[in-house]
Amino acid sequence: MLTQTFHDVLQNFKSSTERELLLLLSRTHLDSQEINRVRTILQEEVSWELLLQLARQHHTLPLLSAYLRKHFLDLIPSAVGNDLKRCSGDQVIRNLEMTQEMLCLIKSLEGQGISVVPYKGPILAHTLYRDLGCRQFDDLDFLICQKDLVRARKHLQPLGYHYRWEWLSPAQAQATFLAQCDEELFREESSLKIELHWRVLSARWADPFDLEELIGRSESISLGGSAIRTLSGEALLLVLTAH
């Protein structure tokens, strides 16, 4: 269905209608006034091409799809509805797989005495929307104490995860470590990436966060039938703002 490039779409549609729709449908909650406003807009001429492209660009397509299919299905062209249903289904499956992997990794690492605190990814989807399918994410992020980083990497390697810069010499790896705040590991068979953050910000920036304190003050939540620890709401807001 989507054949034009994003540049072509932007050139052809100068109206702010699609941008207003995107903003309205990117909220955590829609009240009756906002629902009525969306219905009014959808009864006018809308560029679905532009709207879906904008949603993809801003990684809000799952949330936009959920609202459109829940409240405005009667105003959506059938072809668009089919696209949204397919995209939403694919996203939900991927998110559930990644959430299950996150829970398995936490259990496996904690079994080795390595504390990790997940944030972003499934955590944000659960915290903001109470629905794992409403947020698009492509990797899993964990906070980890620097002293546990090498042990974590060694433990994850037999599970299929490979350090992105494993081909570097020891001196190069050390230089990279000093300049960065996280380490990326990939599992090729599932195209899954995890990031182990031992700092919130890279060494180029002043980092006011005490990671051990953040981890120590983490809170327990229930996700997927498991109790896991993550940042408090206040700490999460500060970390995301800085990040």
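Residues numbered from 1 in each chain as written. Predicted model: local features only at pLDDT ≥ 70, side-chain atom pairs only at ≥ 80, totals over all residues. Heavy atoms only, no water.

Caption draft 1: Spatial organisation of the overall build of the protein. The helix and strand tally for the protein stands at 11 helices and 7 strands. Based on the C-alpha atoms only, the size of the protein along its principal axes is roughly 60 × 35 × 35 Å. When burial is assessed residue by residue, the protein has 45% of its 243 residues classed as buried. Sequence separation of 24 or more characterises 65% of the internal contacts of the protein that already satisfy a separation of 6 or more. Only carbon and sulfur atoms are counted for the fraction: they give 51% of the accessible area of the protein, which is about 13,300 Å². Here the protein contributes 26 positively and 32 negatively charged side chains, and the mean placements of these two sets differ by 1 Å. (Helix = DSSP H or I, 4+ residues; strand = E, 2+ residues; numbered from the N terminus. Buried < 20%, exposed > 50% of the residue type's maximum accessible area, 1.4 Å probe, protein only. Contact = heavy atoms within 4.5 Å. Areas by Shrake-Rupley, 256 points an atom, 1.4 Å probe, with all protein chains shown as cover. Lys, Arg positive; Asp, Glu negative; His and termini not counted. Charge placed at Lys NZ, Arg CZ, Asp CG, Glu CD.)

Caption draft 2: Seen up close, the confidence of the model for the protein. Mean pLDDT over the protein stands at 87; residues scoring 70 or higher make up 92%. Throughout residues 9-14 the model reports pLDDT below 50, and contacts reaching past four residues in sequence, or to other chains, amount to 9 contacts. (pLDDT = per-residue confidence, 0-100.)

Caption draft 3: Focus on the sheet that holds strand 1 (residues 116-119). Taken in spatial order, the 5 strands line up as 1-2-5-4-3 in an open sheet, and their pairing is mixed. With partners counted over all chains shown, the strands left at the sheet margins are strand 1 and strand 3 (162-163), one partner each. One ladder, built from 4 bridges, connects strand 1 with strand 2 (residues 139-144); its direction is antiparallel. The partner of valine 116 across the bridge, within strand 2, is isoleucine 144. (Pairing = 2+ DSSP bridges.)

Caption draft 4: Spotlight on helix 3 (residues 32-42). Among the residues of helix 3, those classed as buried are Glu34, Ile35, Val38, Ile41 and Leu42. Buried residues of helix 3 fall within an arc of 125° about the axis and therefore sit on the same side. For helix 3, exposure combined with an orientation more than 90 degrees from the buried face picks out Ser32 and Gln33. Looking at the buried side of helix 3, the elements it contacts are helix 2 (17-24), helix 4 (48-57) and helix 5 (61-71). Backbone nitrogen of glutamine 33 and a side-chain oxygen of the N-cap are separated by 3.1 Å at the start of helix 3; the cap is aspartate 31. (Arc of directions from axis to C-beta. Polar contact = N/O pair within 3.5 Å; in protein donor to acceptor, adjacent residues only side chain to side chain.)

Caption draft 5: Geometry of the pairing of strand 4 (residues 182-187). Of all 6 residues making up strand 4, 5 are buried, and the element is well covered by its neighbours. In terms of strand pairing, strand 3 meets strand 4 through 2 bridges, oriented antiparallel. Looking at the pairing, histidine 162 lines up with phenylalanine 186 of strand 4. As judged from the 6 bridges shared by strand 4 and strand 5 (residues 192-197), these two strands associate in the antiparallel manner. Bridge assignment links aspartate 182 to a residue of strand 5, and that residue is histidine 197. Taking the residues between adjacent antiparallel strands as the criterion, strand 4 and strand 5 are bridged by 4 residues, where serine 191 takes a positive phi near 55°.

Caption draft 6: Quick peek at the pattern of salt bridges. As enumerated under the stated definition, the model contains 13 salt bridges in all. Glutamate 213 is the partner of arginine 217 in a salt bridge, and the nearest nitrogen-oxygen pair spans 3.2 Å. On the basis of relative accessible area, arginine 217 is assigned to the exposed category, the value being 62%. Members of the salt-bridge network, linked through shared partners, are Asp139, Glu184, Lys193 and Glu195. (Salt bridge = Lys/Arg side-chain N within 4 Å of Asp/Glu carboxyl O.)

Caption draft 7: Structural view of the environment of alanine 242. Residue placement: alanine 242 occurs in helix 11 (residues 233-242). With relative accessibility at 32%, the residue alanine 242 sits in the partly exposed group. For alanine 242 and glycine 121, which are 121 residues apart along the polypeptide, the C-alpha to C-alpha distance reads 17 Å. Ignoring anything within four residues of it in the chain, the contact list for alanine 242 reads Val200, Leu201 and Phe209.

Caption draft 8: Focus on unusual backbone geometry. In this model, lysine 120 sits at a positive phi of 60°, which is unusual for a non-glycine residue. The class for lysine 120 is buried, based on a relative accessible area of 14%.

Caption draft 9: Main features of the pairing of strand 7 (residues 226-230). In this sheet, strand 7 lies alongside strand 6 (residues 219-223) in antiparallel orientation, the contact comprising 5 bridges. Within strand 7, the position partnered with serine 222 by the bridge is alanine 227. Joining the antiparallel neighbours strand 6 and strand 7 is a turn of 2 residues, in which glycine 224 adopts a positive phi near 60°.

Caption draft 10: Spotlight on the environment of serine 108. Among the secondary structure elements, serine 108 is positioned in helix 6 (residues 78-110). A residue is classified by how much of its surface remains accessible, and serine 108, at 23% relative accessible area, is partly exposed. Spatially, the C-alpha atoms of serine 108 and leucine 159 are 9.9 Å apart, while their sequence positions differ by 51 residues. Among all residues touching serine 108, those that are not within four sequence positions of it are His155 and Leu159. A polar atom in the side chain of serine 108 sits 2.5 Å from the side chain of histidine 155.

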